[in-house]
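# Summary of the model geometry
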Amino acid sequence: MIYAGIDLGGTTIKGALVSENGEILIQKAIPTGGERPHVEVVTDMANLILELMSTYGCDPEEVAAVGVGSPGSIDPENGVVVEANNFADFRNVPVREIMYGILDKPIYVDNDANVAALGESMFGAGEGQKNCVLCTLGTGLGGGVVIDGKIFSGAYHGGTELGHTVIVADGEQCTCGRKGCWEAYSSATAIIREARTAAEADPESKIHEVCGGDLSKLNAKMVFDAADMGDASAIRVKDDYIKYLGLGLTNMINIFQPEVMMIGGGVCAQGEKLLSPLRKILEREVFAGQFYKIKFRTATLGNDAGVIGAAMLGKINE
Ligand SMILES: [Zn+2]
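Residues numbered from 1 in each chain as written. Predicted model: local features only at pLDDT ≥ 70, side-chain atom pairs only at ≥ 80, totals over all residues. Heavy atoms only, no water.

In this section: the overall build of the protein. A tally of regular secondary structure across the protein gives 10 helices and 13 strands. In terms of overall size, the protein behaves like a compact globule, its C-alpha atoms giving a radius of gyration of 20 Å where 318 residues would be expected to give roughly 20 Å. Reported as C-alpha extents along the three principal axes, the dimensions of the protein are approximately 60 × 45 × 35 Å. The buried share of the protein, reckoned over its 318 residues, is 52%. Restricting the contact set of the protein to residue pairs at least 6 apart, pairs at least 24 apart contribute 61%. Element-wise, carbon and sulfur atoms account for 49% of the exposed surface of the protein, whose accessible area totals about 14100 Å². Placing the 26 positive and 42 negative side-chain charges of the protein at their respective mean positions leaves the two points 6 Å apart. (Helix = DSSP H or I, 4+ residues; strand = E, 2+ residues; numbered from the N terminus. Rg over C-alpha atoms; globule rule 2.2 N^0.38 Å. Buried < 20%, exposed > 50% of the residue type's maximum accessible area, 1.4 Å probe, protein only. Contact = heavy atoms within 4.5 Å. Areas by Shrake-Rupley, 256 points an atom, 1.4 Å probe, with all protein chains shown as cover. Lys, Arg positive; Asp, Glu negative; His and termini not counted. Charge placed at Lys NZ, Arg CZ, Asp CG, Glu CD.)

The next subject is the domain arrangement of the protein. For the protein, the assigned domains read domain 1 (2-121 + 303-316) and domain 2 (128-299). Opposite the 14 residues of domain 1 that make contact, domain 2 presents 16 residues. Taking both partners together, domain 1 and domain 2 bury about 1200 Å²; carbon and sulfur atoms supply 61% of that area. Together, N114, E120 and S121 form the three largest contributors to the area buried by domain 1 at its contact with domain 2, with a combined 44%. Across the domain 1-domain 2 interface, the total number found is 0 salt bridges. The tally of links between domain 1 and domain 2 comes to 3 residue pairs in polar contact (both at pLDDT 80 or more). Broken down by secondary-structure element, the contributors of at least two residues to the side of domain 1 that touches domain 2 are helix 3 (112-123) and helix 10 (305-316). (Domains from an automatic or database assignment. Buried area = accessible area lost by both parts, 1.4 Å probe. Salt bridge = Lys/Arg side-chain N within 4 Å of Asp/Glu carboxyl O. Polar contact = N/O pair within 3.5 Å; in protein donor to acceptor, adjacent residues only side chain to side chain.)

Now for the environment of Q290. Note on placement: Q290 falls in the loop between helix 9 (272-285) and strand 13 (295-298). Sequence separation between Q290 and M99 is 191 residues; the distance between their C-alpha atoms is 45 Å. Within the structure, Q290 has its side chain in polar contact with the side chain of K293 (distance 2.7 Å).

What follows is the structure, encoded as structure tokens:
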């Protein structure tokens, strides 16, 4: 069978047909147009699947189900996006009902971070293991938890906000309203904020050089680059970042004890520069020395995790 997936993003809607082995057979992205009424956006999502089936040339009967990964708060039982504030008109959107009316197939909807974790657990860094945690280090710190092959999101599907667990009491202000959340220390946004502050206090810092003198252009890679050049301020920022990341990952492993602990996001392009010191922290900190049992890896599917995971909602719900 073939499974169809939609990854609804702020700027693009990605659609794909995916084989049961997780291989993308065909894919296409279209602009989201998130300022439009929700019926138009969701209708576009359904029409994109129709177009992909037609271009790929498969019998519509071969497509078993359609899965949708959406940002925001989701009610997977009813296939409703409760609220996604990236879009103008996304409150209580009956995605299942609208798409079913056009496609006449089972429609599954879940949160985008959750479906990315599902995709990675089945066909990415998780390699088919049943118990996996993915933490994505981006603008925020998103997380998804797969337990026994299924997405775990709590009793009311608002759980596994892994980034909004406090690791420093009365610490940095987080976007969620709390202070000291893990996200405020370990997102890409956090390392950039700290590097800017460090550079402003240290006019000689190489951090100024790596961003061409414009701190507003700073990214996480540049901070690592400045640290590689031996810059003391950058090294301090990087080491602190890794310390807090290791602390939060230890918490996740102590709570879930996954078979595979995965991290994703642009920062992971640093590879061993990031992983090696993290492993040292995890070996030391994970409860009862159990880290050796856990596979600790960077995500491998990149931007395809969302659309593959969304498609697999159909497979795991069969
Ligand atoms: Zn928070």
